[in-house]
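Residue-level structure breakdown
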Amino acid sequence: MSTHLLTAALDAAERGWHVFPLRPADKRPALHGESVCPLIGDCAGGHRKWEDRATIDPDRIRRAWADRPFNIGIATGPSGLVVVDLDVPKQMSSTDTPSGVTTFGALCERAGQPVPATYRTRTASGGHHLYFTAPPGARLTNSAGRLGKLIDTRAHGGYVVAAGSFTATSPYTVTDPTPPAPLPDWLYALLAHRQSPRGLMAVPLSPKASRYAAAALRAETATVRAAHEGERDCTLLSAARALGRFIAWGDLPRSVVEEALQEAGESAGLSSRQCRSTVRSGLNWSIARNPQRRTA
């Protein structure tokens, strides 16, 4: 299995995709965190995160995958990729909940566009990853739900699990080997348009309340992004609980807070699903305890 994974990692690097090891049969990075960084080797000049250490150097890849069956992470930003992640509903979800594939198909139809033909993989959970090359000069970041329910994207600050990797239940496989197509202009327009400022401008309370809420949102998301490994989920939960009161008071739309915290959590290294669960739990807890709208 180690040989198979090494071959898959080298194949990805040959495409120009920067790879780094994930834990065996897992989706989490196998690299050390900042709190236990030995400050030697790659980190001699200071701790380097997985995005900085991802590589296309075949010799480094051979050394990394020489002894253990590490799964393969592709750092989308350095690789010049934008990956659209089409997820599937959780087992406990309503039977009426559409999958990300269905929602994305409807999005394409509304835009008057065909579903793009591009490199596609099937994930271990049954979802799909659509790989696109990023527009020259653009610096897109991760998004969660911006294109629709159960549709996330990975760009700068994000990574995807490469084909050839596997979990305890299923492998990641290529379903369309077509080379990645350029990100369609209409999708780029949707992803480049920042929704949060528009949402904040729509808050119907006093400018002072809105400024205070916006400052709190910036501060809490910055804290989440800077959280150390082992503290990230707890930090995200604390941020969600702190910001939930602004939703209850009417200072911030819930969609704005959810998107901001989701992006911050993923930038810190948490999985998309873990972020969604933690943010939902923290906001629900806070909103239930702050039911009164604050007067201006």
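Residues numbered from 1 in each chain as written. Predicted model: local features only at pLDDT ≥ 70, side-chain atom pairs only at ≥ 80, totals over all residues. Heavy atoms only, no water.

What the chain contains, in helices and strands, is ten helices and ten strands. By the compact-globule yardstick of 19 Å for 296 residues, the chain fits well, its C-alpha radius of gyration being 20 Å. By the burial criterion, 48% of the 296 residues in the chain qualify as buried. A sequence separation of at least 24 residues applies to 75% of the contacts in the chain between residues at least 6 apart. Summed over all atoms, the accessible surface of the chain reaches about 14,500 Å², with 54% contributed by carbon and sulfur. (Helix = DSSP H or I, 4+ residues; strand = E, 2+ residues; numbered from the N terminus. Rg over C-alpha atoms; globule rule 2.2 N^0.38 Å. Buried < 20%, exposed > 50% of the residue type's maximum accessible area, 1.4 Å probe, protein only. Contact = heavy atoms within 4.5 Å. Areas by Shrake-Rupley, 256 points an atom, 1.4 Å probe, with all protein chains shown as cover.)

In total, this model carries seven aromatic pairs according to the counting rule given. Measuring from ring centre to ring centre gives 4.9 Å for W50 and Y159, while their planes differ by 75°; the resulting arrangement is edge-to-face. Taken together, the residues W50 in helix α2 (residues 50-53) and Y159 in strand β8 (residues 159-161) connect sequence positions 109 residues apart. Here the aromatic rings of F246 and W249 are separated by 5.8 Å at their centres, their planes lie at 90°, and the arrangement is edge-to-face. Of the residues examined, F246 reaches a relative accessible area of 1% and is grouped as buried. A relative accessible area of 17% means that W249 is categorised as buried. Ring-pair connections join several aromatic residues into one group, and the members of that group are W17, Y119 and Y131. (Phe/Tyr/Trp six-rings, centres within 6.5 Å; stacked < 30°, edge-to-face > 60°.)

Within strand β3 (residues 81-86), six of the six residues are buried, which leaves it mostly tucked inside the rest of the structure. Side chains L81, V83 and D85 of β3 all project onto a buried face; the interleaved residues V82, V84 and L86 project onto the opposite face, where all are buried too. As judged from the six bridges shared by β3 and strand β5 (residues 128-133), these two strands associate in the antiparallel manner. In the sheet register, V84 faces β5, and the bridge partner there is L130. (Pairing = 2+ DSSP bridges.)

Take the side chain of S165 next. Following the sequence through the fold, S165 ends up in the loop between β8 and β9 (173-176). A polar contact is formed between the side chain of S165 and the backbone nitrogen of I72, at a distance of 3.0 Å. (Polar contact = N/O pair within 3.5 Å; in protein donor to acceptor, adjacent residues only side chain to side chain.)

For A25, which is not a glycine, the phi torsion comes out positive at approximately 55°. Tracing the sequence through the fold places A25 in the loop between β1 (19-22) and α2. Classification of A25 as partly exposed rests on a relative accessible area of 32%. You will see that L150, though not glycine, has its phi angle at about 65°, which is positive. Position of L150 relative to the elements: it lies in the loop between β6 (143-144) and β7 (151-154).

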